[in-house]
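Read off the chains here:
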Amino acid sequence: MLDESLLDAPDDLARVDRRGLLRGAAEAGARVRTAARHATEAGLAELRPDGRPRSVLIAGPGTAATGVADLLGALAGASAPVIRLEPTGVAHAAGALRWALPGWAGPVDLLLLTTTDGTEPGLAVLAEQAYRRGCTVVAVAPERSPLSEAVDGAHGLLVPMAKAPYQEYDESAAAGPGALWALLTPLLLLLDKVGLITAAPDTLQLVADRLDRTAERCGPAIATYSNPAKTLAAELADTLPLIWSEGTGAAPAGRRFAATLAELAGRPALAAVLPEALPAHGVLLAGSFAAGADPDDFFRDRVEEPQALRARIVLLRDRPAGGLTAAPAARELAHSHDTAISELEPEEGVELEQLAELLAVTDFATAYLALASGGHS
């Protein structure tokens, strides 16, 4: 159950936010600026690449690394394939994870290592393997970590991961927004340098500014009725969110929202991209998760039996640049099954700005849902 009164009690929210979820969301803009500065100091600005890589391979553990790979792949589009190397191992622990290069990887490929930890022996082994194959290696990891030594030995480039302002990095919030932007920002600048995406320093300044403005709109001091993130959190209480996305940046934002809802708020959610979301989730809207399914049973014990989950659609959209859209069909399908729908559409701006706003609002919503439903221990 969601304690909606907690949403409008900023002091109480701060007290229960032991993982720093709201602080991480609020500091996302500052983390982008710090990460960009670290990238410049590490020498990214002086890089003179010979040309575009044939492919970009990304390895790293956890939700943040997965989100980075997904976002970079969407932004690069057809410029070059962006491939996440999936880890194997007997447990999700730094010492147990292993990665392997595909057999075809060689001198024309770029390997990116992203980690909030830096103690993974598997990533060090991967860096050595890449060096023997002739791959270029770039890593974003904590400074003075074991991985930094391995990257140096592989003649690669290490960008120190930007820590949260005024405090040491909190490993427990590795799925939070701070970790995402700390890992993503230097790689945006790198892929801009090699011509795969457009993310010049000026663009990243716009992204940081948009994150700051969104944090002001979604912060704990802003009442629920005028706070899009608190409103979304309240709407998702006791629901099964079906996160439908439309647009290049909205798709990875939707998948990340589903992942963080599960990992940080303990809430199941399903993500799909329009128009394929319509047949993929259509039966859910007509089945036991439908809003009209199993109407109030007169004999149900309303005290002992928890309320059943009902589907609610969350529609994330990039601002349409003209052309076809499946949004009207999505709304029609939802309304035909009496299913509520929440919509998020960013303000105008460059692609990265719009993406940043979607990520920020959903990160704040995840934090509020986690804190107000008791998921803060």
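Residues numbered from 1 in each chain as written. Predicted model: local features only at pLDDT ≥ 70, side-chain atom pairs only at ≥ 80, totals over all residues. Heavy atoms only, no water.

(A) Layout of helix 10 (residues 228–236). Among the residues making up helix 10, those that are buried are A229, K230, L232, A233, A234 and L236. Capping the start of helix 10 is the job of one residue whose side-chain oxygen sits 3.1 Å from the backbone nitrogen of A229: N227. In the stretch just after helix 10, D238 is the one whose phi turns positive, near 60 degrees. (Buried < 20%, exposed > 50% of the residue type's maximum accessible area, 1.4 Å probe, protein only. Helix = DSSP H or I, 4+ residues; strand = E, 2+ residues; numbered from the N terminus. Polar contact = N/O pair within 3.5 Å; in protein donor to acceptor, adjacent residues only side chain to side chain.)

(B) Geometry of the pattern of salt bridges. Applying the stated criterion across every chain, the model contains 17 salt bridges. Across the pair R210 and E353 runs a salt bridge whose closest N-O atoms are separated by 3.4 Å. Note that R210 is positioned in helix 9 (residues 201–218) and E353 in helix 14 (residues 351–372), a separation of 143 residues in sequence. A residue is classified by how much of its surface remains accessible, and E353, at 8% relative accessible area, is buried. In this structure, the salt-bridge partner of E357 is R217, at a minimum N-O distance of 3.4 Å. In this pair, E357 is assigned in helix 14 and R217 in helix 9, connecting sequence segments 140 residues apart. Using a relative accessible area of 5% as the deciding quantity, one classes E357 as buried. Each member of the salt-bridge network shares a partner with another, and the members are R210, R217, E353 and E357. (Salt bridge = Lys/Arg side-chain N within 4 Å of Asp/Glu carboxyl O.)

(C) Just the environment of A271, in detail. By the element assignment, A271 lies in strand 7 (residues 270–273). The sequence separation of A271 and A93 amounts to 178 residues, and the corresponding C-alpha distance is 27 Å. Beyond its immediate sequence surroundings of up to four residues, A271 is in contact with I243, G254, R255, A258 and H281. (Contact = heavy atoms within 4.5 Å.)

(D) Region of the structure containing the nonpolar core. The biggest cluster of nonpolar side chains holds 87 residues, and the ones touching the most others in it are L72, L112, W181, L188 and L191. With 15 residues, the single largest contributor to this core is helix 14. Contacts of L112, omitting those with residues within four sequence positions, involve V56, L57, I58, A59, L72, V138, L187 and L190. A105, C135, V137 and A139 belong to the second-largest nonpolar core, a separate cluster that totals 23 residues. (Core = buried A, V, L, I, M, F, W, Y, C linked by side-chain atoms within 4.5 Å.)

(E) Geometry of unusual backbone geometry. With omega at 5 degrees, the peptide bond leading from L274 into P275 counts as cis. Positionally, P275 belongs in the loop between strand 7 and helix 12 (277–286). For D238, which is not a glycine, the phi torsion comes out positive at approximately 60 degrees. Here D238 shows up in the loop between helix 10 and strand 6 (239–246).

(F) Representation of the pairing of strand 5 (residues 157–160). Covered by surrounding structure in strand 5 are L157 and V159 together with L158 and P160, the residues of both alternating faces. Bridging between strand 4 (residues 136–141) and strand 5 involves four bridges; their strand directions are parallel. Its bridge partner being in strand 5, V140 is matched across the sheet by V159. Viewed along the sheet, the connection from strand 4 through helix 7 (residues 146–153) into strand 5 turns out right-handed. (Pairing = 2+ DSSP bridges. Right-handed = clockwise from strand over helix to strand, strands pointing away.)

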